[in-house]
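Tertiary structure, described
Single-letter residue listing:
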Amino acid sequence: MSLVNIIDYFTSFRKTLLSEIECYYAKGNINELSENIITNRSNAKQYKSLPIGIIVASDSKRFETGPMAATLLKDAGFTILEIQNVSNLEINEALYKMLAKTNCSSIICIGGTGISKNDITIEAVKSNIIKEIPGFGELFRFITHEKWKHLKDEIGYLSIGTRLVAGVSSDSKLIYSLPGSPEAVKLAITELIIPDICTLIAQLKKDE
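Residues numbered from 1 in each chain as written. Predicted model: local features only at pLDDT ≥ 70, side-chain atom pairs only at ≥ 80, totals over all residues. Heavy atoms only, no water.

1. Quick notes on the environment of Val-185
Selection rule: Only runs of H or I of at least four residues qualify as helices and only runs of E of at least two qualify as strands under DSSP, and these elements are numbered from the N terminus. Residue exposure (1.4 Å probe, protein chains only): buried if accessible area is under 20% of the type maximum, exposed if over 50%, otherwise partly exposed. Whether two residues touch is decided by their heavy atoms; if any such pair falls within 4.5 Å, the residues are in contact.
Its location among the elements puts Val-185 in helix H8 (residues 182–205). We classify Val-185 as buried; its relative accessible area is 0%. Distance from Val-185 to Thr-65, taken between C-alpha atoms, is 7.1 Å for residues 120 residues apart in sequence. The contact partners of Val-185, leaving out residues within four places of it in the chain, are Thr-65, Met-68, Ala-69, Ile-110, Leu-178, Pro-179 and Gly-180.

2. Quick look at the pairing of strand S3 (residues 106–110)
This is how it is decided: Should DSSP find at least two bridges between two strands, the strands are taken to pair.
Among the 5 residues of S3, 5 are classified as buried, and the element is accordingly described as predominantly covered. On S3, burial covers both faces: Ser-106, Ile-108 and Ile-110 on one face and Ile-107 and Cys-109 on the other are all buried. Pairing analysis gives 5 bridges linking S3 to strand S6 (residues 174–178), with the strands arranged parallel. Bridge pairing in S6 places Cys-109 opposite Ser-177.

3. Thoughts on the pairing of strand S5 (residues 165–168)
Of the two faces of S5, the one lined by Val-165 and Gly-167 and the one lined by Ala-166 and Val-168 are each fully buried. Sheet topology places strand S4 (residues 131–132) next to S5; 2 bridges connect them, and they run antiparallel. Its bridge partner being in S5, Lys-131 is matched across the sheet by Val-168. Pairing of S5 with S6, which is carried by 4 bridges, proceeds in the antiparallel orientation. By the bridge assignment, Ala-166 is partnered in S6 with Tyr-176. Here S5 hands over to S6 after 5 residues, with Ser-172 in that stretch at a positive phi of 65 degrees.

See below:
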């Protein structure tokens, strides 16, 4: 099955699922489980105060996405621990030091996610997590595909070369990796991280 057929299949499946969900709620079938999910997500917002660290890896010294990500998060009520700017090959050491900070709840790594030899952010993050959250990368690529598919003849499929990963470290800290472009950072922060990071932290807090 080709990539195009796979994408079309999941697009059709998503539309069908959303239609069924809309019908379900239109009938007033808001069950106890649904109410619990809403309550739990609301209670999880208390974790917005836990500091988030940001690391920007760039060999070209383009570090503007760090302050941009911080602003988006702060505008949504989150707390920023610090922003570190490093070269691509320094990401391992920077991530190690950030993980060692006891007051850091989550880390967002920006840049170094390409396929050149110096792009090692994905590998650095994977070496520091014990559980991966695959839905993060999957959903980002799906949104990217939907947004740009009308220009496939001009720019190809941007989602094919998009590498992202998110997961949980051994000391229960969330780690995200994002592509370095401002557009990608804005999408990941606003559409994926802000809506769900508190809920994920709340799940990790159950183990404490």
